[in-house]
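# Structural overview
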Number of protein chains: 2
Amino acid sequence: MTTREIARRAGVPHGAVSYHFAGKAELLRQAAVAGTEAALAGPVEIARGAGGLVEVVEAMLAWFASGELDDPAVALLLETARQAGRDPGLRELVAAIIAQYRAEVAELIKRDQRSGTVRSDVDAEGLAAIVAALFDGLLMHVILDPGLDAGRAIVALRTLVGAKR
Amino acid sequence: MTTREIARRAGVPHGAVSYHFAGKAELLRQAAVAGTEAALAGPVEIARGAGGLVEVVEAMLAWFASGELDDPAVALLLETARQAGRDPGLRELVAAIIAQYRAEVAELIKRDQRSGTVRSDVDAEGLAAIVAALFDGLLMHVILDPGLDAGRAIVALRTLVGAKR
């Protein structure tokens, strides 16, 4: 599809599209970033507002149980991951969003470690990277294998991070 | 590209391609499955031959440190994940490979839990799903954010699963 065709479908003059976006690659990149931001807005918001890591984990559990996996945002996320592999500009933008999520979760973990609700012998940054990567990895695996019980993995994570054994 | 063009580039008669593959979709599916099997052959072999979960985790650590991420197999894996979202036949085949990996890892975990090297209060199937999803999730995140230290996440995982605190 050309930018001219995109403009026609959007019902705007071609000039409006070519003025706002420096070519089709830039338009697609901005769409991918907007889609990724939308897909990650939920998790980032949850991490920012959460009282602790367990709340983040519970929210993950609820999200996987809700069956929102058919959302087009998920398909866009996978498409973005693939596309980012060959577009350094897109990759940088997406990396910043994921890094922000990781930073929010790491802050929660450090707070939890001080208050004693998360075990303190584990590296907070490493655990935050686990939480972020597990979210996307489980998402990918559930899409591939609808029979996979993501909830069981998340419950296991909750057991692993707990301060008490 | 047509099956005729594929046959020409492979230097075989068109009949050989159309005889072996029921159309281009089937050819692409089999290529995706072969690629996914090749990409997962390493991890599955490691899980099968490993003495325990810690060995699997150490192998993950070594793999991420080796910088083999630029391998075209990784790009194919992401492409396959995306493609599987809209092709139930491909999805079923890929799901079987991932499920096999999960089963191998779950067996290792159960053995480790009996011998006391992995904490026994965590669900073995849930933990195996974590290990498998974390592998692909970290892979995706490292591709998106080359600054991410996957090693730190894997070291944190090793701390989390250990029987001793």
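Each chain carries its own residue numbering, running from 1 in the written order of its sequence. Naming scheme: in the order in which they are written, chains are lettered from A and ligands are numbered from 1. Only residues with pLDDT of at least 70 get local features here, since the model is predicted, and only at 80 or more are side-chain atom pairs given and counted; chain-wide, interface and lining totals rely on the full set of residues. By convention in this description, side-chain values take in all heavy atoms of the structure and omit both hydrogens and water.

## Structural notes on the overall build of chain A
Secondary structure elements are defined from DSSP: runs of H or I of at least 4 residues count as helices, runs of E of at least 2 residues count as strands, and each element is numbered from the N terminus. The helix and strand inventory of chain A stands at eight helices and zero strands. The principal-axis extents of the C-alpha atoms in chain A amount to approximately 60 × 35 × 25 Å. Per-residue accessibility, obtained with a 1.4 Å probe over protein chains only, is compared with the maximum for each type, and a residue is labelled buried under 20%, exposed over 50%, and partly exposed between these values. The buried share among the 165 residues of chain A stands at 45%. To measure how exposed things are, a 1.4 Å probe is used in the Shrake-Rupley method; for residues, cover is taken only from the protein chains shown. For chain A, the exposed area adds up to about 7800 Å²; of that, 56% sits on carbon and sulfur atoms. The average position of the 18 basic charges and that of the 21 acidic charges among the side chains of chain A differ by 3 Å. Positive charges come from Lys and Arg alone, negative charges from Asp and Glu alone, with His and the N- and C-terminal ends not counted. For this purpose, a charge sits on NZ of Lys, CZ of Arg, CG of Asp or CD of Glu.

## A few points about the relation of the copies chain A and chain B
When chain A is brought onto chain B, the operation consists of a screw motion whose angular component is 180° and whose axial shift is 0.0 Å, with 0.1 Å RMSD remaining. One copy is carried onto the other by what is essentially a two-fold rotation axis. Nearest to the rotation axis, the C-alpha of G137 of chain A is located 1.9 Å from it, this being the minimum over chain A. Contact definition: two residues touch when any of their heavy atoms are within 4.5 Å. When you check the interface residues of chain A against chain B, 100% turn up at the interface there too, and the contact is symmetric in its surfaces. Residues reaching a pLDDT of at least 70 in both copies supply the C-alpha atoms on which the copies are superposed by least squares.

## Considerations on the packing of aromatic side chains
Stacked, edge-to-face and tilted labels apply to pairs of Phe, Tyr and Trp rings (six-membered ring for Trp) whose centres lie within 6.5 Å, assigned for plane angles under 30 degrees, over 60, and everything in between, in that order. Considering all chains together, one arrives at six aromatic pairs over all chains under this definition. Aromatic pair F64 of chain B and F135 of chain B: ring centres 5.8 Å apart, planes at 55°, arrangement tilted. In this pair, F64 of chain B sits in helix α4 (residues 53–65) while F135 of chain B sits in helix α7 (residues 124–144), placing the two residues 71 residues apart along the sequence. The same class applies to F64 of chain B as to F135 of chain B, namely buried. One aromatic cluster is present, formed by W63, F64 and F135 of chain A through successive ring pairs.

## Examining the packing of helix α7 (residues 124–144) of chain A against helix α6 (residues 88–115) of chain B
Between N-to-C directions, angles span 0 to 180 degrees; the directions come from axes that are lines fitted to C-alpha atoms, helices contributing only their stretch in contact. Two numbers describe how α7 of chain A lies on α6 of chain B: the axes approach to 8 Å, and their chain directions differ by 125°. On the basis of their axis angle, the class for α7 of chain A and α6 of chain B is oblique. Residues H141, I143 and L144 of chain A of α7 of chain A lie in contact with α6 of chain B, whose contacting residues are R91, V94, A95 and I98 of chain B. A per-class count over the contact of α7 of chain A with α6 of chain B returns five nonpolar, one polar and one charged. Just so you know how the angles are binned, under 35 degrees is roughly parallel, over 145 roughly antiparallel, 65 to 115 roughly perpendicular, and the rest oblique. Three residue categories are used. Nonpolar comprises Ala, Val, Leu, Ile, Met, Phe, Trp, Tyr, Cys and Pro, charged comprises Asp, Glu, Lys and Arg, and polar comprises the others, including Gly.

## Description of the interface of chain A and chain B
In this assembly, 44 residues from chain A lie in contact with 44 residues from chain B. The quantity reported as buried area is the accessible area (1.4 Å probe) lost by two parts once they are put together, taken as the sum for both. Taken together, the two surfaces of chain A and chain B that pack against each other cover about 4100 Å², and 68% of this comes from carbon and sulfur. We define a salt bridge as a contact between a side-chain nitrogen of Lys or Arg and a carboxyl oxygen of Asp or Glu at a distance within 4 Å. Connecting chain A to chain B are four salt bridges. Pairing of N or O atoms within 3.5 Å defines a polar contact, subject to two protein rules: one partner must be a possible hydrogen donor and the other a possible acceptor, and residues neighboring in sequence count only if both atoms are side-chain atoms. Our count for the chain A to chain B interface comes out at 10 residue pairs in polar contact (both at pLDDT 80 or more).

## Focus on the confidence of the model for chain A
Residue and element names in this part refer to chain A. Residue-level confidence of the predictor, termed pLDDT, takes values from 0 up to 100. When pLDDT is averaged along chain A, the result is 82, and 90% of the positions lie at 70 or above. When mean pLDDT is taken per element in chain A, helix α8 (residues 150–161) scores highest with 92 and helix α5 (residues 72–84) scores lowest with 70. Reported confidence for the predicted complex is 0.79 by ipTM and 0.80 by pTM.

## Comments concerning the side chain of R102 of chain A
Mapped onto the elements, R102 of chain A comes out in helix α6 (residues 88–115). The class of R102 of chain A is buried, set by a relative accessible area of 13%. Polar side-chain contacts of R102 of chain A include one of 2.8 Å to the side chain of D145 of chain B.

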